[in-house]
Amino acid sequence: APPPLPEAPVRSTRGRNMFLGEAKDILSGFRAAMSDEDIQRVLCNLQATGGAALEKGQKLLFAQQLAPVMLRFDFPASEAGFAEMRAGMRCFGENTYVRRTAHEVERLCFVTVGSYFGIPLGEDEFPSRPEDLVAEDASDGGSGDDGALAAAADAA
């Protein structure tokens, strides 16, 4: 596959770069929010429904669950805020904790691993779902074009 096109620089919405500890804490917050038993039940029900209801429901649910974490770290819960957060995460994608936790969050959100944060599977990782096998090829460098997660900012 050809290398991904370079991304346009992401404008800072908060006046500072993300640091490693912040990346870890944000991912931990996302994981806690999306691991909630009730949230997982709703996501499973949405997944079973499929179609437009799935995408609309995911957008709303993701915005509700992820926005408080974003705001806690001074990121606006907007398209620009989510783009800046994803760019910051990619800077630390080589860190084992960041990479694995980002992938865990993507799995909890029922999206292809690597498609939202733009962090490919590590050599020590194996896909847990068949659709994760194509994540590296399908990833466009983490522009966040994977369905509902990317649109969560629009619903926030």
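Located above this text is the structure these notes cover.
A short tour of the structure in this document, coming up. Given the structure is predicted, the values throughout are model-derived calculations rather than measurements. (Residues numbered from 1 in each chain as written. Predicted model: local features only at pLDDT ≥ 70, side-chain atom pairs only at ≥ 80, totals over all residues. Heavy atoms only, no water.)

### As for the overall build of the protein chain
Working step 1: When its secondary structure is counted, the protein chain shows seven helices and zero strands.
Working step 2: Reading the protein chain from its N end, one meets helices and strands in the order α-α-α-α-α-α-α.
Working step 3: Here the protein chain holds 156 residues, and 43% of them are scored as buried.
Working step 4: Of the contacts made within the protein chain by residues no fewer than 6 positions apart, 64% connect residues no fewer than 24 positions apart. (Helix = DSSP H or I, 4+ residues; strand = E, 2+ residues; numbered from the N terminus. Buried < 20%, exposed > 50% of the residue type's maximum accessible area, 1.4 Å probe, protein only. Contact = heavy atoms within 4.5 Å.)

### A few points about the nonpolar core
Working step 1: Counting residues in hydrophobic clusters, the biggest one holds 27 residues, and the most contacted among them are Ile 26, Phe 30, Met 34, Met 85, Met 89 and Phe 117.
Working step 2: When contributions to this core are tallied by element, the ones reaching two or more residues are helix 1 (20-35), helix 2 (37-49), helix 3 (51-72), helix 4 (79-91) and helix 5 (96-108).
Working step 3: Other than its neighbours up to four places away in sequence, Met 89 contacts Met 18, Ala 23, Ile 26, Leu 27, Val 98, Phe 117 and Ile 119. (Core = buried A, V, L, I, M, F, W, Y, C linked by side-chain atoms within 4.5 Å.)

### Section: the side chain of Thr 101
Working step 1: Structurally, Thr 101 is set in helix 5.
Working step 2: Dropping the residues within four chain positions of it, Thr 101 is found in contact with Leu 27, Ser 28 and Arg 31.

### Here's the deal with the packing of aromatic side chains
Working step 1: Scanning all chains against the criterion turns up two aromatic pairs.
Working step 2: A centroid spacing of 6.5 Å and a plane angle of 25 degrees characterise the contact between Phe 30 and Phe 117, whose relative ring orientation is stacked. Of this pair, Phe 30 sits in helix 1 while Phe 117 sits in the loop between helix 5 and helix 6 (135-138), and the two are 87 residues apart along the sequence.
Working step 3: By relative accessible area, which is 1% here, Phe 30 ends up buried.
Working step 4: Judged by relative accessible area, which is 0%, Phe 117 ranks as buried.
Working step 5: Ring geometry for Tyr 116 versus Phe 117: centroids 5.0 Å apart, planes at 80 degrees, classification edge-to-face. (Phe/Tyr/Trp six-rings, centres within 6.5 Å; stacked < 30°, edge-to-face > 60°.)

### With respect to unusual backbone geometry
Working step 1: Look at Asp 74: it is not a glycine, yet its phi comes out positive at around 65 degrees.
Working step 2: Structurally, the position occupied by Asp 74 is in the loop between helix 3 and helix 4.
Working step 3: Residue Asp 74 is classed as partly exposed on the basis of its relative accessible area of 44%.
Working step 4: Residues other than glycine seldom take positive phi values, yet Phe 110 does so here, at roughly 65 degrees.

### So, the environment of Cys 109
Working step 1: Relative to the elements of secondary structure, Cys 109 occurs in the loop between helix 5 and helix 6.
Working step 2: Classification of Cys 109 as buried rests on a relative accessible area of 0%.
Working step 3: Counting along the chain gives 74 residues from Cys 109 to Ser 35, while the straight-line C-alpha distance between them is 9.1 Å.

### Quick look at the side chain of Glu 84
Working step 1: Within the secondary structure, Glu 84 sits in helix 4.
Working step 2: Put simply, Glu 84 is tucked away with no salt bridge, and the nearest opposite charge, on Arg 14, sits 4.0 Å away.
Working step 3: Looking at Glu 84, its side chain comes within polar contact range of the side chain of Thr 13, at 2.4 Å. (Lys, Arg positive; Asp, Glu negative; His and termini not counted. Salt bridge = Lys/Arg side-chain N within 4 Å of Asp/Glu carboxyl O. Polar contact = N/O pair within 3.5 Å; in protein donor to acceptor, adjacent residues only side chain to side chain.)

### Observations regarding helix 4
Working step 1: Helix length check: helix 4 (13 residues) gives 19 Å between terminal C-alpha atoms against 18 Å at 1.5 Å per residue, within 8%.
Working step 2: Three or more residues of helix 4 are buried, namely Gly 81, Phe 82, Glu 84, Met 85, Arg 86, Ala 87, Gly 88 and Met 89. (Expected span 1.5 Å × (residues − 1).)

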